[in-house]
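If you want the building blocks of each chain, they are given just below.
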Amino acid sequence: MKPLTCEEASRQLFALLDRALAGEALDALEGHLEACLDCCEKLEFNRKLDGFVKERLSDSALPEALEHRIRRLTSR
Amino acid sequence: MGQALQSARNDDEKRGDFAEATLPHLGALYRFAAKLTGNAATAEDLVQETYLKALQAFPSLRDPGRAKAWLFQILSRLVVDRHRSEVREVPTADEDLDRFSLYDLIWEEDPLPYSDRLHDDFLAQFRDEEVRAALMALPEVYRVPLVLLYAEGMTYKELAEVLECPMGTVMSRLHRGRKTLERELWECARRRGLVKTWKRR
């Protein structure tokens, strides 16, 4: 298996975070990360940035008026 | 008369089945719409429109177990199609964007020379509303999959089903969505004077 360059690896870091890699692609990226501190740090930053944005997507309660309208629509 | 009664009964049954399949997902759908639009009134309108469309199309839903993905699919399509017809086209290839790296820029510009946790401290400077504004600035075609991923934790396979596109397209939209978000954050930092120079990469 041909080793990945940093550029190739960095294109797949998001897919790794999203658990969307498997098989040879996953092996190749993990192999690269074992040897490349810079890409490891980039991966860690991407993970933090994801969490940072997620935390700011606050949950909103379902407005009662909307629930009432939808229930009326489904029972008319 | 008998036919009219039968028809009314069928309609009642249809609405009953529709309610049973879709109402358990109303809260999740609203939360998604609110995160996606950043606006409670817009989110309410979107959810209502989604339910109206879903009610009309309900006979085409063969498996009620798919109702949640189906509702998210209708709402996502509404958002993407509406904005596609207004202003934003599907963005074309942008090599600068694909290569953009907030991580690298922070290293190069070193906006906090005394920090020993440079990247963490850089992010800590953003106000919550600035992060949300950066997300809202993304074209819908990128924002929809990113919010589905962040808020609903969907897998690429689930995203492909909701967005009605191949998994490779999901991967590329998530990649470019995140890169656009990084660029928006960097531009926000530059506007606020948190960084002194701007190098487009």
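Everything quoted here is computed from the prediction, not taken from an experiment.

Overview of the environment of A:Ala22
Residues and elements named next belong to chain A.
- Looking at where Ala22 falls in the secondary structure, it is placed in the loop between helix H2 (13-17) and helix H3 (23-35).
- A residue is classified by how many C-beta atoms lie within 10 Å of it, and Ala22, with 9 of them, is exposed.
- Between the C-alpha atom of Ala22 and that of Arg72, which follows or precedes it by 50 residues, the distance is 46 Å.

Concerning the nonpolar core
- Counting residues in hydrophobic clusters, the biggest one holds 62 residues, and the most contacted among them are B:Leu29, B:Ala33, B:Leu75, B:Leu148 and B:Leu159.
- Among residues more than four places away in sequence, those in contact with B:Leu29 are B:Val47, B:Thr50, B:Leu71, B:Phe72 and B:Leu75.

Section: unusual backbone geometry
- With phi around 55°, A:Arg19 is a residue other than glycine that occupies positive phi space.
- The topology assignment puts A:Arg19 in the loop between H2 and H3.
- Residue B:Glu164 is not a glycine yet carries a positive backbone phi of 55°.
- Structurally, B:Glu164 can be placed in the loop between helix H10 (156-163) and helix H11 (167-191).

Description of the domain arrangement of chain B
Residues and elements named next belong to chain B.
- Along its sequence, chain B is carved into domain 1 (2-64) and domain 2 (95-191).
- Taking only C-alpha atoms, the centre of domain 1 and the centre of domain 2 are 32 Å apart.
- At the interface, five residues of domain 1 touch seven residues of domain 2.
- Residue composition of the side of domain 1 that touches domain 2, grouped by class: two nonpolar, one polar and two charged.

Cut-off values and rules
- Residues numbered from 1 in each chain as written.
- Chains lettered and ligands numbered in written order.
- Predicted model: local features only at pLDDT ≥ 70, side-chain atom pairs only at ≥ 80, totals over all residues.
- Helix = DSSP H or I, 4+ residues; strand = E, 2+ residues; numbered from the N terminus.
- Buried ≥ 20, exposed ≤ 12 C-beta atoms within 10 Å, placed from the backbone.
- Core = buried A, V, L, I, M, F, W, Y, C linked by C-beta atoms within 7 Å.
- Contact = placed C-beta atoms within 7 Å.
- Domains from an automatic or database assignment.
- Nonpolar A, V, L, I, M, F, W, Y, C, P; charged D, E, K, R; others polar.

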